[in-house]
Amino acid sequence: MTFGSFIEPDKEAQDIQNLAEQMGITIYSGYRALREAQSFAGENRIFDRIVERLKGLNLQYEDQCSSRYYFDVVRTLRDLNGQFDRVVEVGVFMGGATSFLTGCIEPFDFDLDLVDVHPAFLRFAYERVRRMYPESAKRIRLFHGDLPSYVRHVLMHEQDHRYVIHHDGSHSFDQVVKDMASLYYVQKSIFAVIAQDTHLRGTAKHMNFVDMALYAVFGTDLKYAPIGSSYPEHHGLTTPNQYQGNYFMPNAPEGIVLPMAANSFRYPHPALPIDDFLPPELPAAAAPAQAASWNCNAASRA
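Presented here is an overview of the structure given in this document. (Residues numbered from 1 in each chain as written. Predicted model: local features only at pLDDT ≥ 70, side-chain atom pairs only at ≥ 80, totals over all residues. Heavy atoms only, no water.)

1. Concerning the sheet that holds strand β4 (residues 140-144)
- As summarised here, the arrangement of the 8 strands in space is β1-β4-β3-β2-β5-β6-β10-β8, forming an open sheet in which the pairing is mixed. Each having just a single partner strand, β1 (5-7) and β8 (225-227) make up the two edges of the open sheet. Averaged over all pairs of adjacent strands, the angle between strand axes in this sheet comes to 25°, irrespective of strand direction.
- One ladder, built from 5 bridges, connects strand β6 (residues 190-196) with strand β10 (residues 255-259); its direction is antiparallel. Counterpart to Ala 192 in the pairing with β10 is Pro 259. (Pairing = 2+ DSSP bridges. Helix = DSSP H or I, 4+ residues; strand = E, 2+ residues; numbered from the N terminus. Axes fitted to C-alpha atoms, helices over the stretch in contact; angles between N-to-C directions.)

What follows is the structure, encoded as structure tokens:
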């Protein structure tokens, strides 16, 4: 059982072309943000260079964020340049955001930790960016676990860094509250939080309320900058999809950036220990494909 610890990349993956199939990862829509990226050509040189690397990537995958979201993430890291030295990506799926974060490692000089509850996602995302940026791969670590586990086992022991947390893991209200609340115990080390899918809704079974979880932890006077795409009413993406009935709220931002200096924790109470937020260990053979569709609204975007 590796849950709650760092794991190694799969060295044998370097020679595999049908990597998703070999790792048991289901590709649902096949949507790629690369299709829309050309609309941002010439606006940011770093983004343009990442897009060129993606064009040369011979690998089957899908992305779950819009091109505008990835563009805004690159621009956000540029704006925050010099104020952080490690980025933590929580929830990597097939490496969509990982590709753009990795493309920023050398220009902005930071290390990258990937965090996911599914080892297959970690190893796929790593191999994707290793093929794009072999020179930056040495600055990437893979952590098998959720954000509270990472905080407990890593951040609480490595507080000499300034962190930017990119959150696109579980979208369930309960889990996002646990994820954000865990940062309370290392708040002095957190410079900013970038949260994705703040416009996501769906069936009651999945309780997709990322934005509401942020309000629960940081209060209703949340200070943030919107990033990514927003969609008008009657757009195809504002209608429940065929996968899990997910849809996007009209006119709501795809993601937000929370500067920690402008926000404060309203939860948890200081008397609560971080161990209250740690999960029970997951079975070693947890199926990665189960996580792939919880926010997969990309089919109608493609």
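After that view of the structure, there is still more to cover.
2. Quick notes on helix α4 (residues 67-79)
- For α4, spanning 13 residues, the distance from its first C-alpha to its last is 18 Å, which sits close to the expected 18 Å at 1.5 Å a residue.
- What α4 keeps buried is the set Ser 67, Tyr 69, Tyr 70, Phe 71, Asp 72, Val 73, Val 74, Thr 76 and Leu 77. (Expected span 1.5 Å × (residues − 1). Buried < 20%, exposed > 50% of the residue type's maximum accessible area, 1.4 Å probe, protein only.)

3. So, the side chain of Gln 196
- Mapping Gln 196 onto the fold places it in strand β6.
- Taking the relative accessible area as the measure of exposure, Gln 196 reaches 0% and is therefore buried.
- In this structure the side chain of Gln 196 is engaged in a polar contact, spanning 3.5 Å, whose partner is the side chain of Asp 197. (Polar contact = N/O pair within 3.5 Å; in protein donor to acceptor, adjacent residues only side chain to side chain.)

4. What about the environment of Asn 58?
- Relative to the helices and strands, Asn 58 resides in the loop between α3 (45-55) and α4.
- Exposure remark for Asn 58: the relative accessible area of 58% places this residue in the exposed category.
- A C-alpha to C-alpha distance of 35 Å links Asn 58 and Asn 251, two positions 193 residues apart in sequence.
- Discounting chain neighbours no more than four positions away, the residues touching Asn 58 are Gln 17 and Arg 131.
- For Asn 58, the side chain forms a polar contact with the side chain of Gln 17, separated by 3.3 Å. (Contact = heavy atoms within 4.5 Å.)

5. So, the side chain of Arg 130
- Note on placement: Arg 130 falls in helix α7 (residues 119-132).
- You can call Arg 130 buried: its relative accessible area is 19%.
- Once residues lying within four places of it in the same chain are set aside, the contact partners of Arg 130 are Gln 14 and Ala 137.

6. With respect to the pattern of salt bridges
- One pass over the structure, following the stated rule, counts 15 salt bridges.
- Between Glu 127 and Arg 131 there is a salt bridge whose closest N-O contact spans 2.6 Å. Pair noted here: Glu 127 and Arg 131 are both in helix α7, with a separation of 4 residues, about one helical turn.
- The buried category is assigned to Glu 127, whose relative accessible area is 1%.
- Residues joined by salt bridges that share partners form a network here, namely Arg 86, Asp 113, Arg 141 and Glu 158. (Salt bridge = Lys/Arg side-chain N within 4 Å of Asp/Glu carboxyl O.)

7. Concerning the environment of Phe 6
- Tracing the sequence through the fold places Phe 6 in strand β1.
- Distance from Phe 6 to Leu 57, taken between C-alpha atoms, is 26 Å for residues 51 residues apart in sequence.
- Aside from chain neighbours lying at most four places away, what touches Phe 6 is Asp 113, Arg 141, Leu 142, Phe 143, Tyr 150 and Val 154.

8. Overview of the pairing of β10
- By the criterion of burial, β10 is predominantly enclosed, with 4 of the 5 residues buried.
- As paired strands, β8 and β10 are joined by 3 bridges and run antiparallel to one another. Directly across from Ala 225, in β10, lies its bridge partner Val 257.

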